[in-house]
Amino acid sequence: MADPVEPALVEIENLSKHFGEGETRVDALRGVSLQVFPGQIVGLLGASGSGKTTLLNCVGCILEPNGGRMTLDGDVVYDDRWLRSDLRRLRLEKVGFIFQFHNLLPFLNCADNVGLVLQLAGFGAAAARARAIELLDYFEVGRHKDRMPAQLSGGEAQRVAIARALANRPRIILADEPTASLDSHRAGIVMDLLRKIAVEQHAAIIAVTHDEKIFGRFDEVFHLRDGQLDADAAGGRRFEPTDMQTSARHDRAEC
Amino acid sequence: MNLAYRDIRHNLLRFVMTCVGLSLLLGIEIMITGVYGGLIDEALRQARAANADLWVIQPGTNGPFAESSRIPGDTREMVARTYGIERAGAVTYQSVQTTLEGVPLRLYIIGYELNRPGGPDHLVAGRDIMRKRYEMIVDQSAGLALGQEVPLGTHGHKYTIVGMTRNNTTSAGDPVGYLTLRDAQNLQFELAPPSERREVARGGALQTNDQINAVIAKVSPHVPRDEIAAALSRWKHLTTLTQEQQENLLSTFVIEKSRKQMGLVMVLLVIVSTVIISLIVYTMTMDKLRSIATLKLIGAPDRTIVGLIVQQALSLGLVGFFAGLTLVLVFLPYFPRRLVLEPASIAVVFVITVVMCLAASVLGVRLAMKVDPASALAG
């Protein structure tokens with residue numbers, strides 16, 4: 001459900017994307033429209049080949065759509081064949097990625113993995129490291145700051161990866177199967193973290209998942225089928241908001 | 001944050017092993033430039049060691065090093081009497097081979113007149129030749145000892161080693177030996193006893209040994225060399241070369257083939273090295289495709305990724321170059337040929353190495369630029 005207080009962070013109208021031409025043409029997305037608001041955690045569900053990852057890649061400015069319109073945090077990214085040119089910069093500043101596998105750079109320690117993003121954004125080395133350690137502490141992996149990713153457990157590595165995704169305080173966070181490689185206890189911890197981020201940073205989180213144990217943690221769930229949003233899920237199917245989310249919305253409404 | 005350095009540190013053993021292999025390759029390149037330098041140095045060494053201003057030789061030849069030259073033995077006296085000539089000395093040059101305790105020994109023999117130009121310029125052991133016959137000065141590389149006797153020539157005369165020189169070898173690597181002119185003339189022109197007997201039996205006159213290969217002349221500093229050379233060349237049975245002309249002949253023509261051969265080997269080595277570094281950089285990039293995709297995904301600009309690959313290629317090349325140079329310097333005394341490593345030629349190999357590394361990183365950079373950031377999302 002849309003939050004009436006702030007404008008949508010992700011606005012997609014009639015987005016389409018196809019691969020190949022002629023007989024080999026595959027329509028991965030067919031007129032998808034959705035909005036994601038600050039503080040929302042949205043789930044993208046669907047069978048394999050339904051277009052979830054394609055949609056995530058389009059929102060992440062990795063894939064160029066073929067039609068429709070898309071804005072991220074008020075900036076038009078794509079408008080009917082017009083594509084913004086500085087997509088990598090946009091990704092660096094506005095989008096954070098959380099992967100199924102942590103994808104930490106194996107040759108950097110945890111603090112540097114997080115600090116790298118900040119340095120790319122223009123932070124000095126010392127400031128980047130300080131902020132990185134602060135983030136690692138926040139996610140309770142600060143004691144591992146000088147360890148290499150190979151020395152961490154799956155859950156710890158995923159938390160470092162989340163810290164990296166949040167280093168530049170992005171307003172849009174895209175998560176691809178963020179809990180797939182974790183047991184239910186650790187998956188719950190990661191989802192709690194995402195909830196905390198969404199609330200504290202007013203960020204919009206879009207997660208692709210097959211993980212049934214976290215379905216109940218989303219504010220809205222969009223079902224994709226054959227590149228289209230499921231008819232009975234247009235606008236998203238609402239789950240009961242958690243107490244944390246409810247209180248956060250009340251807080252923002254009062255501001 | 002220097003990603004190249006971090007990646008190298010992370011895979012230090014692999015980097016070191018790669019550098020070891022590369023250092024051998026680059027060491028060979030440095031060595032070839034050293035061999036080439038040694039070749040030039042050795043080719044010119046005999047001409048320079050004579051410390052001559054003019055070379056008087058047989059007309060129509062480029063002697064005595066590039067071609068055979070033979071002139072009468074009294075030419076030195078004619079040259080010495082010419083206006084402007086301060087000193088002159090007759091010399092002969094020839095290669096000889098003998099066997100010492102079953103081991104073949106090749107020497108390049110220079111015959112010179114005692115106390116005249118053409119003899120050894122510096123001895124590292126022993127003394128100058130004092131007797132007119134059967135004494136020899138030889139280079140240390142021959143492996144002979146002072147006082148040792150060496151049989152040479154068709155008559156099997158033994159020559160006693162009385163002095164030693166250092167780094168005095170020909171462009172073929174043969175040690176140089178010095179004899180008196182008389183001994184050298186006998187070695188070069190004397191017939192073997194059976195041949196002498198045959199000549200006598202057929203009533204032929206015995207050939208005189210009083211022939212030389214060249215006359216070396218020192219010119220007064222107050223007289224232009226070219227004028228003296230022109231004056232000497234007016235004798236129809238002589239030709240005169242200045243020292244510059246002699247050196248030019250040697251460096252241009254005598255070692256021309258060797259220069260081309262070494263140039264070819266050098267070019268091939270550079271190509272092979274470039275291909276090998278390219279493959280190494282390509283493989284290193286292949287190993288990092290997921291990291292590169294992640295870097296692109298999190299917004300790293302292309303220059304960060306290009307820098308990672310190019311810096312690693314340059315690190316490989318530079319570490320390999322300096323390790324190779326160190327190897328060559330360490331094993332220099334044990335090398336079977338003389339290597340002359342001029343700073344300029346080392347600098348050229350350094351520049352070639354840098355260019356090779358830059359060229360070699362092109363493949364890796366192309367591969368990295370093609371990486372789809374979306375592949376970081378793949379499971």
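Owing to the predicted nature of the structure, the values given are computational and were not obtained by experimental measurement.

Draft legend 1. Inspection of the overall build of chain B at higher detail. Helix and strand counts for chain B stand at 11 helices and 12 strands. Relative to the globule expectation of 21 Å for 379 residues, the C-alpha radius of gyration of chain B, 30 Å, shows a markedly less compact shape. Projecting the C-alpha coordinates of chain B onto the three principal axes gives extents of approximately 100 × 50 × 40 Å. For chain B, the computed accessible surface area is about 18,100 Å², with 58% contributed by carbon and sulfur atoms.

Draft legend 2. Up close: the packing of aromatic side chains. Within the structure shown, the criterion is met by 10 aromatic pairs over all chains. Both rings, one in B:Tyr112 and one in B:Tyr178, keep their centres 6.0 Å apart while their planes meet at 85°; by these two values the pair is edge-to-face. Here B:Tyr112 is found in strand S4 (residues 103-112), whereas its partner B:Tyr178 is found in strand S9 (residues 176-180), with 66 residues between them in sequence. Accessibility classification places B:Tyr112 together with B:Tyr178 in one group, the buried group. Clustering of aromatic rings is evident, with ring pairs tying together B:Trp55, B:Phe65, B:Tyr93 and B:Tyr108. Over the face of the ring belonging to A:Tyr138 we find A:Lys196, whose NZ or CZ atom lies 4.3 Å from the ring centre. The ring of B:Tyr134 has B:Arg133 lying over it, and the distance from NZ or CZ to the ring centre is 4.7 Å.

Draft legend 3. Representation of the pairing of strand S11 (residues 214-219) of chain B in the model. Residues and elements named next belong to chain B. Of all six residues in S11, five are buried, a share of seventy percent or more. For strand S1 (residues 54-57) and S11, the ladder comprises three bridges, and the chain directions are antiparallel. Bridge pairing in S11 links leucine 54 to alanine 217. Where strand S3 (residues 85-100) and S11 come together, six bridges link them in antiparallel fashion. Along S11, the bridge assignment pairs valine 91 with alanine 214.

Draft legend 4. Just the pattern of salt bridges, in detail. In the structure shown here, the tally under the stated rule is 23 salt bridges over all chains. The partner of A:Lys94 in a salt bridge is A:Asp75, with the nearest N and O atoms 2.3 Å apart. Linking A:Lys94 in helix H2 (residues 87-94) with A:Asp75 in strand S5 (residues 75-79), this pair joins segments that are 19 residues apart in sequence. Take A:Lys94: its relative accessible area is 14%, and that puts it in the buried class. Using a relative accessible area of 23% as the deciding quantity, one classes A:Asp75 as partly exposed. B:Glu113 serves as the salt-bridge partner of B:Arg76, at 2.7 Å between the closest nitrogen and oxygen. With B:Arg76 in helix H3 (residues 75-80) and B:Glu113 in the loop between S4 and strand S5 (125-126), the pair connects residues that are 37 residues apart, well separated along the chain. Both residues of the pair, B:Arg76 and B:Glu113, belong to the buried class. One salt-bridge network, in which partners are shared between bridges, spans A:Asp73, A:Asp75, A:Lys94 and A:Arg171.

Draft legend 5. The arrangement of the interface of chain A and chain B in detail. Across the contact, 23 residues belong to chain A and 25 residues belong to chain B. Across the chain A/chain B interface, buried area totals approximately 2,300 Å², and carbon plus sulfur atoms make up 66% of it. Along the contact surface separating chain A from chain B lie one salt bridge. For the salt bridge of B:Arg6 with A:Asp112, the shortest nitrogen-to-oxygen distance reads 2.2 Å. Our count for the chain A to chain B interface comes out at five residue pairs in polar contact (both at pLDDT 80 or more). The greatest single-element share of the side of chain A that touches chain B, amounting to six residues, is contributed by helix H3 (residues 110-120) of chain A. Residue composition of the side of chain A that touches chain B, by class: 13 nonpolar, five polar and five charged.

Draft legend 6. Region of the structure containing a nonpolar patch on the surface. Judged by side-chain polarity, B:Leu264, B:Val267, B:Leu268, B:Ile271, B:Val275 and B:Leu279 come together as a nonpolar surface patch covering roughly 550 Å² of accessible area. Residue B:Ile271 is classed as partly exposed on the basis of its relative accessible area of 48%.

Draft legend 7. Here's a closer look at the side chain of B:Asp53. Residue and element names in this part refer to chain B. Along the chain, aspartate 53 falls in the loop between helix H2 (12-49) and S1. On the basis of relative accessible area, aspartate 53 is assigned to the buried category, the value being 6%. In this structure the side chain of aspartate 53 is engaged in a polar contact, spanning 2.7 Å, whose partner is the backbone nitrogen of valine 219. Beyond its immediate stretch of four places on either side in the chain, aspartate 53 contacts Ala217, Lys218, Val219, Arg225, Leu241, Thr242 and Gln243.

Draft legend 8. Just the packing of H2(B) against helix H11 (residues 343-370) of chain B, in detail. Residue and element names in this part refer to chain B. The contact between H2 and H11 brings their axes to 9 Å, and the two run at 145°. Like other packed secondary-structure pairs, H2 and H11 cross with a definite hand, here right-handed. Counting all contacts with H2, which are made through Leu26, Glu29, Ile30 and Thr33, the residues of H11 involved are Ser345, Val349, Thr353 and Met356. Tallied by class, residues from the contact of H2 with H11 come to four nonpolar, three polar and one charged.

Draft legend 9. Quick peek at unusual backbone geometry. Of note in this structure, A:Asn14 is not a glycine but carries a positive phi near 50°. Of note, A:Asn14 is situated in strand S1 (residues 10-19). Even without being glycine, B:Tyr134 reaches a positive phi, approximately 60°.

Draft legend 10. The domain arrangement of chain B, seen in detail. All names here are of chain B. Per the domain assignment, the segments of chain B are domain 1 (3-43 + 257-376) and domain 2 (59-237). Taking the mean C-alpha position of each, domain 1 and domain 2 sit 48 Å from one another. Each partner contributes residues to the interface: domain 1 has five residues there, and domain 2 has six residues. Taking both sides of the interface into account, the surface hidden between domain 1 and domain 2 amounts to around 400 Å²; carbon and sulfur atoms contribute 45%. Of all residues in domain 1, the largest losses of buried area upon contact with domain 2 belong to Glu42, Arg337 and Arg338, amounting jointly to 81% of the total for that side. Between the two partners, domain 1 and domain 2, sit zero salt bridges. If you look at where domain 1 meets domain 2, you find zero residue pairs in polar contact (both at pLDDT 80 or more). Class assignment of the residues belonging to the side of domain 1 that touches domain 2 gives a composition of two nonpolar, no polar and three charged.

Draft legend 11. Molecular detail of the environment of B:Pro117. Residue and element names in this part refer to chain B. Here proline 117 lies in the loop between S4 and S5. When the C-alpha atoms of proline 117 and leucine 264 are compared, they prove to be 39 Å apart, with 147 residues separating the residues in sequence. Beyond its immediate sequence surroundings of up to four residues, proline 117 is in contact with Arg87, Ala88, Gly89, Val91, Ile216 and Lys218.

About the cut-offs
Residues numbered from 1 in each chain as written. Chains lettered and ligands numbered in written order. Predicted model: local features only at pLDDT ≥ 70, side-chain atom pairs only at ≥ 80, totals over all residues. Heavy atoms only, no water. Helix = DSSP H or I, 4+ residues; strand = E, 2+ residues; numbered from the N terminus. Rg over C-alpha atoms; globule rule 2.2 N^0.38 Å. Areas by Shrake-Rupley, 256 points an atom, 1.4 Å probe, with all protein chains shown as cover. Phe/Tyr/Trp six-rings, centres within 6.5 Å; stacked < 30°, edge-to-face > 60°. Buried < 20%, exposed > 50% of the residue type's maximum accessible area, 1.4 Å probe, protein only. Lys NZ or Arg CZ within 6 Å of the ring centre and 35° of its normal. Pairing = 2+ DSSP bridges. Salt bridge = Lys/Arg side-chain N within 4 Å of Asp/Glu carboxyl O. Contact = heavy atoms within 4.5 Å. Buried area = accessible area lost by both parts, 1.4 Å probe. Polar contact = N/O pair within 3.5 Å; in protein donor to acceptor, adjacent residues only side chain to side chain. Nonpolar A, V, L, I, M, F, W, Y, C, P; charged D, E, K, R; others polar. Patch = residues over 30% accessible without salt bridge, like charges linked within 9 Å, V, L, I, M, F, W, Y side chains within 5 Å. Axes fitted to C-alpha atoms, helices over the stretch in contact; angles between N-to-C directions. Left-handed = near helix turned anticlockwise from the far one by under 90°. Domains from an automatic or database assignment.

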